[in-house]
Amino acid sequence: LNDRFYAGTVHVVANAFGVLKGYTIELRDETEHYNTLALREHYAEELSKEVSAKTKRIRRIQQKIIMGMAQMVESRDLSTGGHIKRTSDVVKIFSRKLEKENLGLDHRFLALVIRSAPMHDIGKIGVDDAILRKQARFTDDEYNQMKKHSEIGFKMVREILSDVEEPDFVTIAENIAHYHHEKVDGSGYPSGLKGDEIPIEARIMALADVFDALVSKRCYKEAFSYDKAFSIIKNDAGSHFDAKLASVFLECRSELEEYYNKSAE
C-alpha cells in the first residue's frame, strides 16, 4: 500500500464468557524487511551472473592456452600442418550428430570431448625433432619412438590439468591423449585394448584423427579423395573403429566435405 509492505494478523475479540464480539486486524509495517530481502536476492543474482561470466572467461583463456600449446607442439611436426584445428572441428561436427543419436552421450560429455580434442597429440612434445620433422616414412624404430607420444601425452595432460580442472574433464582429456590410437580389434597402441575397453571418447577421437590424415596431404602420400576416405572408414568399422560410431560418422559426410572444401579455399 503506497509502496509500503504490511503483514496482517486477525485477532478474535471475545467477552469473559468466550462469546465472540468481533475481530481486530493488526497491521505491521514490514517494508524494511522486504527491502532487505529484495536487496539480498538482487545481490545474489548479480553475484551469480558475475561468477558465471568470470568462469566463462577463465574457461576461454584455458582453452586458448590449451590450443596454443597444442599448436606449438604441432609446429614442430612438418607433416601435419593444421591437423589440430581440423580434427577439433571434425569432433565438433561429429559430436553434434552423436548428440542426436540414442547412444547415451549427453551434451555435457560431448562438450568435454570437444574441449579435450586439441590435446590428443600433445605428447609429441616429447618426441625427438629428428623423427618429428622427418619428411619421409618412418623406419620401424622411428615409428616405435613416435608411438610413445600417447603415453607422454597422457602424463602431460594429468600434470597440466589435475587440481585446476573438473575431474571429468581431466579423465576425458587423459583418455583421448592416451588411447586415440587403439583399435577395437586390439591391434592398436599403446595398450592393445579391444572394443569397449577403449574409452568411448578415444574411439570418437580416433575417427576424427584418421579421417583428417586420410583427406590431408602428408609427406609420404597425397590427400585421398572423399570417396576413398569414407570407404576406408566404412571398411574398417568393427576392426579399427567402433562400428556404431563409424556408422554415425559416415552420416556426417556432407558437413565434413563442406568443412574441408571451405578450409582449402
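Rules of the game
Counting restarts for each chain, with residues numbered from 1 along the sequence as it is written. Residues qualify for local features only when their pLDDT is at least 70, as the model is predicted, and side-chain atom pairs are given and counted only at 80 or more; totals for whole chains, interfaces and linings, by contrast, use all residues. To get the side-chain values, all heavy atoms of the structure are used, and hydrogens and water are removed first. Helix and strand definitions here come from DSSP, where helices need a minimum of 4 consecutive H or I residues and strands a minimum of 2 consecutive E residues; each element is numbered from the N-terminal end. We call a residue buried when its accessible area falls under 20% of the maximum for its residue type, exposed when it is over 50%, and partly exposed in between, using a 1.4 Å probe and counting protein chains only. In what follows, a contact means two residues having at least one pair of non-hydrogen atoms within 4.5 Å. Residue burial considers only the protein chains on display, and all accessible areas are found by Shrake-Rupley using a 1.4 Å probe. Counting rule applied: Lys, Arg positive; Asp, Glu negative; His and chain ends not counted. A charged residue contributes its charge at one atom only: NZ of Lys, CZ of Arg, CG of Asp or CD of Glu. Working definition: rings of Phe, Tyr and Trp (its six-membered ring) pair if their centres are within 6.5 Å, and the pair is stacked with planes under 30 degrees apart, edge-to-face with planes over 60 apart, and tilted otherwise. Remark: a charge is flagged as sitting over a ring if the NZ atom of Lys or the CZ atom of Arg is within 6 Å of the ring centre and within 35 degrees of the ring normal. Following DSSP output, two strands are said to pair if at least two bridges run between them. Buried residues of nine kinds, namely Ala, Val, Leu, Ile, Met, Phe, Trp, Tyr and Cys, make up a nonpolar core once their side-chain atoms join them within 4.5 Å. Values of pLDDT, the confidence the predictor places in each residue, fall between 0 and 100. Each patch is built from residues that are more than 30% exposed by relative accessible area and take part in no salt bridge. Like charges join if they lie within 9 Å; nonpolar side chains (Val, Leu, Ile, Met, Phe, Trp, Tyr) join within 5 Å. In what follows, salt bridge is the name for a side-chain nitrogen of Lys or Arg lying within 4 Å of a carboxyl oxygen of Asp or Glu.

A. Representation of the overall build of the chain within the structure. Along the backbone of the chain there are eleven helices and two strands. In the chain, the order of α-helices and β-strands from amino to carboxyl end is β-β-α-α-α-α-α-α-α-α-α-α-α. The C-alpha extent of the chain, read off along each of the three principal axes, is 110 × 40 × 35 Å. Burial statistics for the chain: of 265 residues in total, 38% are counted as buried. Looking at the chain alone, contacts between residues at least 24 apart form 61% of all its contacts between residues at least 6 apart. Approximately 15,400 Å² of the chain is accessible, and the part contributed by carbon and sulfur atoms is 53%. For the chain, the distance from the average site of its 39 positive side-chain charges to the average site of its 44 negative ones is 3 Å.

B. Looking closely at helix α3 (residues 107–116). Along α3, the residues classified as buried are Phe109, Leu110, Leu112, Val113, Arg115 and Ser116. Looking at the packing, one finds that the buried side of α3 touches α1 (31–74), α2 (83–99), α7 (167–179) and α8 (200–215).

C. Just the packing of aromatic side chains, in detail. All told, the structure shown has seven aromatic pairs when counted by the stated rule. Ring geometry for Phe94 and Phe249: centres 5.1 Å apart, planes at 90°, overall edge-to-face. Placement of the pair is Phe94 in helix α2 and Phe249 in helix α10 (residues 243–250), with a sequence separation of 155 residues. On the basis of relative accessible area, Phe249 is assigned to the buried category, the value being 0%. For the pair Phe211 and Phe249, a centre-to-centre distance of 5.5 Å together with 65° between the ring planes defines the contact as edge-to-face. On the criterion of sequence distance, the pair formed by Phe211 in helix α8 and Phe249 in helix α10 is long-range, its members being 38 residues apart. Note on accessibility: Phe211 and Phe249 belong to one class, buried. Taken together, the aromatic side chains of Phe94, Phe211, Phe230, Phe249, Tyr259 and Tyr260 make up a single cluster linked through ring pairs. Over the ring of Phe169 we find Arg115, and its NZ or CZ is 3.9 Å from the ring centre. Over the ring of Phe224 we find Lys221, and its NZ or CZ is 4.5 Å from the ring centre.

D. Quick peek at the pairing of strand β1 (residues 6–14). The sheet contact formed by β1 and strand β2 (residues 20–29) spans nine bridges and is antiparallel. Within the sheet, the bridge partner assigned to Tyr6 lies in β2 and is Asp29. Once β1 ends, the chain turns through five residues before running back antiparallel as β2, passing Gly18 with a positive phi of about 80°.

E. Structural view of the environment of Ala177. Positionally, Ala177 belongs in helix α7. For the pair Ala177 and Ala202, spaced 25 residues apart in sequence, the C-alpha separation works out to 7.8 Å. Excluding residues that lie within four positions of it along the chain, Ala177 makes contacts with Met119, His120, Ser150, Gly153, Phe154 and Val157.

F. Highlighting the nonpolar core. If you look at the biggest cluster of nonpolar residues, it comprises 44 residues, and the most contacted ones within it are Phe94, Ile204 and Phe249. Once residues lying within four places of it in the same chain are set aside, the contact partners of Phe94 are Ile204, Leu207, Leu245, Val248, Phe249 and Cys252. Counting residues in each nonpolar core, the second largest holds five residues, with Tyr179, Val184, Leu193 and Ile198 among its members.

G. Just the confidence of the model for the chain, in detail. Of all residues in the chain, 97% have pLDDT values of 70 or greater, and the mean over the chain is 89. Element-level pLDDT for the chain is lowest in α1, with a mean of 78, against a maximum mean of 98 in α10.

H. Spotlight on a positive patch on the surface. On the surface, Lys56, Arg57, Arg60 and Lys64 cluster together into a positively charged patch. The class for Lys64 is exposed, based on a relative accessible area of 64%.

I. Summary view of the environment of Tyr34. Inspection of the secondary structure puts Tyr34 in helix α1. Residues Tyr34 and Tyr6, spaced 28 residues apart in sequence, show a C-alpha to C-alpha distance of 9.5 Å.

J. Representation of the pattern of salt bridges. By the definition in use, this model includes 19 salt bridges. A salt bridge links Arg108 to Glu166, with the nearest nitrogen and oxygen atoms 2.6 Å apart. Taken together, the residues Arg108 in helix α3 and Glu166 in the loop between α6 (149–161) and α7 connect sequence positions 58 residues apart. In this structure, Glu257 engages Arg253 in a salt bridge whose closest nitrogen and oxygen atoms are separated by 2.5 Å. Residue Glu257 and its partner Arg253 are located together in helix α11 (residues 253–264), separated by four residues, close to a single helical turn. Arg253 gets classed as partly exposed once you look at its relative accessible area, which sits at 28%.

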